[in-house]
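# Architecture and fold: a report
Here are the chains, one letter per residue:
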Amino acid sequence: MAQSPNSQSAIESILQEQRLFEPPAEFAAAATVSGADQYQALYDKAAADPAAFWAELAEQELHWFKKWDTVLDWQPPFAKWFVGGKINISYNCLDRHLDTPRRDKPALVWEGEPGDSRTLTYAELHAEVCQMANVLKDMGVAKGDRVGIYMPMVPEAAVAMLACARIGAAHTVVFGGFSSEALRDRLNDAEAKVVITADGGFRKDKAMPLKPAVDAALEGNAVPSVTNVLVVQRTKQDVAWTEGRDVWWHDVKPGASTDCAAEPMDSEDLLFILYTSGTTGKPKGVVHTTGGYNLYTHTTFKWTFDIKEDDVYWCTADVGWITGHSYIVYGPLSNGATSVMYEGAPRKSNPGCFWDVVEKYKVTIFYTAPTAIRAFLKMGDQHPNARDLTSLRILGTVGEPINPEAWMWYHKVIGGENCPIIDTWWQTETGGFMITPLPGAIATKPGSATKPFPGILADIVDAEGNPVGANEGGYLVVKHPWPSMMRTVYGDDARFRRTYWEHIPPKDGNYMYFAGDGARKDEDGYFWIMGRTDDVLNVSGHRLGTMEIESALQSHPAVAEAAVVGRKDDLKGEDVFAFVILEGTHSPSDDLKAELKQHVVKEIGAIARPGEIRFAEGLPKTRSGKIIRRFLRNLASGEELVGDATTMEDQSVLEKLRTES
Ligand code: WTA
């Protein structure tokens, strides 16, 4: 039988998955963790006594105002690290570099989308962070308060985070692409006292306003905890102004002192809350604390990117996501590295924009997401080929599984077949890299995140918590707490337990953290992530809860009921596909589809915009009323329905759904 081009390429990609790329010999020789044996020795040492392993590193790598009394207090599922220790992450990221040659080294190198740029040395960044910390204090922000940050990708976003950390206020960064409704919910949940924002930011050739969303979120005293809004001027757009509440950063900065002592924090004091999607209910406030998070992001950054003093490191994420927190701001700065920040996004008007930045700043370590890699792959090799990318020595990826084709393109066209690819599997909840190659130690396979970081006891288990065999799919779990593990869901310990610790029952009294991902381990012990097992979508590397999108749709007067599933998408990984049942008086139309898509954008943000909406008369449900999503997933992808339909209440529903458009 003749093979279609599609089945041909499917076979090819399976063959590619067998390829093994050893670290280049010269690279390995100079690496901090060098060779498979050294990795294994570190892994074994850490596995034998994780607490001792982390304690040794905490002593070596970080500054403590006071040493801890207890390394780990583990009362499942609640972990405390370095209990009794006093530390400040802003001190570790700034002050301790100031009496070293790093004082005048670029800490942040920023490139604006229109082509403007700014470099802040460690001394300059320290001064600016102190100024903002003093401004926040003047606004009445004190240790233990929460501050919302809703910013474009400008240096002040990092300054704001570090300023909060410096005075012991927890930050909650809300991605600038989220709507005012999403912002309001998060500010309310965190009871933020101040919001730090900007007039707007440049993205995809447009000045995108931000301040109006803050105004809308706060309108009518909808967030009673907020007393002030600190506004950075970026785009010079006109903004509405609330006297007494709003303050321009450029008005108060000159008068603010460049000195502000870092507050000694308890190791377990709240550092930040970052909201992430869940299957049900409102977004979860993932809680991270100070000492363990500092140590883990520091160490994973140091070893995984094999950081050297003269490296120029660039992570393309937004600070609104965990990747920006851990690997634009805290991990790099704690190591005294140079971190590049870029305001723009991949865009058709300049298909070489990323490669321009690499060339201009001679970037040596480049970290991005598969969705961006696929976008550039589509735009063509001529763009990277026209730039000098020879400064690169390590490439990284994060956010979703990377398909072998994109991996190979990254390897060949961007890396010149010379740069190890670091496929980092981790989550908002884990704080830092969990499964990742160490570039001088672990041979890579396209599409595999390879092996756990030393100290991470990851495994694949079945629903009862029993380890599965090689190459058998199962649930990805972690069997021992690690320093940057999320501590709880903000204000909701029960939800923390339910979401992460109760799906897989404890085995012999040992609790397992369940990440929500399916995976398999091959015969060499390499991990292959298969994606989410819950109803969370992964659109362009961003996690979106089906529940939130469904609620957004249902808040529109024409909608009676909605169900959202993911559909495979070449570029985004997954696209949002919505089934909508209309209220009796409304009839289906293309205009209504467009209106509903726009409604989701307004309620949540552009990243959640459904790619397709299908009107339906009914949804497949079990007798207990649960939507059977796997059928909807099949329908959305135009596949045959798989699985048992006998639990369905009304069999005719499926027939109708198939014929509807
Ligand atoms: C997915 C982003 C495969 C996964 C740091 C995880 C990945 C979710 C990878 C977390 C990877 C992240 N390979 N899948 N290298 N990295 N994921 O919280 O499903 O935004 O659970 O954190 O993204 O997304 P989050």
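Sequence order as written defines residue numbering, which begins from 1 separately in each chain. This being a predicted model, a pLDDT of at least 70 is required before a residue's local features are given, and a value of 80 or more before pairs of side-chain atoms are given or counted; all residues contribute to the totals for chains, interfaces and linings. Side-chain descriptors were evaluated using all non-hydrogen atoms of the structure, hydrogens and water having been removed beforehand.

Right, let's get into the UniProt feature "binding site: CoA" (unreviewed entry) in the protein chain. UniProt positions are given in the numbering used here, feature names are shortened, and annotations may be inferred rather than shown by experiment. Under the present numbering, the feature "binding site: CoA" (unreviewed entry) in UniProt falls on Arg203, Lys204, Asp205, Lys206, Thr323 and Ser540. The greatest C-alpha distance among the annotated residues, which extend across 338 residues, is 24.2 Å, indicating that they are dispersed rather than converging on a single site. In this description a helix means any DSSP run of H or I spanning at least four residues, a strand means any run of E spanning at least two, and both kinds are numbered starting from the N terminus. Checked against the element boundaries, Lys204 lands in the loop between strand E9 (200-203) and strand E10 (206-209). Throughout, a contact is declared for two residues whenever any of their heavy atoms are within 4.5 Å. When neighbours within four sequence positions are excluded, Lys204 is seen to be in contact with Glu113, Ala345, Pro346 and Arg347. Residue position: Thr323 is located in helix H12 (residues 322-334). Beyond its immediate sequence surroundings of up to four residues, Thr323 is in contact with Cys315, Ala317, Ile328, Tyr367, Val398 and Trp426.

Turning our eyes to something else, we now look at the environment of Arg186. Among the structural elements, Arg186 can be located in helix H8 (residues 180-190). With relative accessibility at 6%, the residue Arg186 sits in the buried group. Separated by 97 residues in the primary sequence, Arg186 and Pro283 place their C-alpha atoms 8.1 Å from one another. Ignoring sequence-local partners within four residues, the contact set of Arg186 consists of Val174, Phe178, Tyr275, Pro283 and Glu548. Buried, partly exposed and exposed residues are distinguished by accessible area as a fraction of the type maximum, computed with a 1.4 Å probe on protein chains only: under 20%, between the cut-offs, and over 50%, respectively.

The ligand sits among 17 residues. The nearest are Asp423, Thr424, Thr428, Arg532 and Arg543. Nitrogen and oxygen atoms within 3.5 Å of one another constitute a polar contact, given that in protein one can donate a hydrogen and the other can accept it, and given that sequence-neighbouring residues count only through two side-chain atoms. The backbone of Thr424 places a nitrogen or oxygen atom 2.7 Å from a nitrogen atom of the ligand. In this structure, an oxygen atom belonging to the ligand sits 2.8 Å away from a side-chain N or O atom of Arg532. Here, Shrake-Rupley sampling with a 1.4 Å probe gives the accessible areas, and only protein chains in the shown set may cover a residue. Relative to its unbound accessible area of 520 Å², the ligand is 96% covered by the protein chains. By residue class, the composition of the shell around the ligand is 6 nonpolar, 6 polar and 5 charged. Residues are classed as near a molecule or strand on a simple rule: at least one heavy atom within 4 Å of it. Note on residue categories: nonpolar means Ala, Val, Leu, Ile, Met, Phe, Trp, Tyr, Cys or Pro, charged means Asp, Glu, Lys or Arg, and polar means any other residue, Gly included.

In this section: the UniProt feature "binding site: Mg(2+)" (unreviewed entry) in the protein chain. As recorded in UniProt, the sites labelled "binding site: Mg(2+)" (unreviewed entry) are His556 and Val559. Residue position: His556 is located in the loop between helix H18 (546-554) and strand E27 (559-569). For His556, the contacting residues outside a window of four places in its chain are Leu592, Glu595, Leu596 and His599. Looking at Val559, the relative accessible area reads 3%, which means it is buried. For Val559, the residues in contact, after removing those within four places along its chain, are Leu553, Gln554, Val580, Ile581, Glu583 and Leu596.

Note on definitions: salt bridges are taken to be side-chain nitrogens of Lys or Arg within 4 Å of carboxyl oxygens of Asp or Glu. Here the structure, examined in full by the defined rule, presents 42 salt bridges. As a salt-bridge pair, Arg374 and Glu400 come within 3.0 Å of each other at their nearest N and O atoms. Within this pair, whereas Arg374 is found in helix H14 (residues 370-379), its partner Glu400 is found in the loop between strand E19 (394-397) and helix H16 (404-414), the two being separated by 26 residues in sequence. Each member of the pair, Arg374 as well as Glu400, carries the same accessibility label: buried. Bridged by salt links that share partners, the residues Arg118, Glu128, Glu156 and Lys253 form one connected network.

Turning our eyes to something else, we now look at the side chain of Glu429. Summarising the element assignment, Glu429 is placed in the loop between strand E20 (421-423) and strand E21 (458-461). On the basis of relative accessible area, Glu429 is assigned to the buried category, the value being 0%. Polar contacts involving the side chain of Glu429 include one to the side chain of Tyr500, which spans 2.7 Å. Filtering out sequence-adjacent residues up to four positions away, Glu429 remains in contact with Thr276, Lys284, Val286, His288, Ser484, Met485, Met486, Tyr500, Tyr513 and Arg543.

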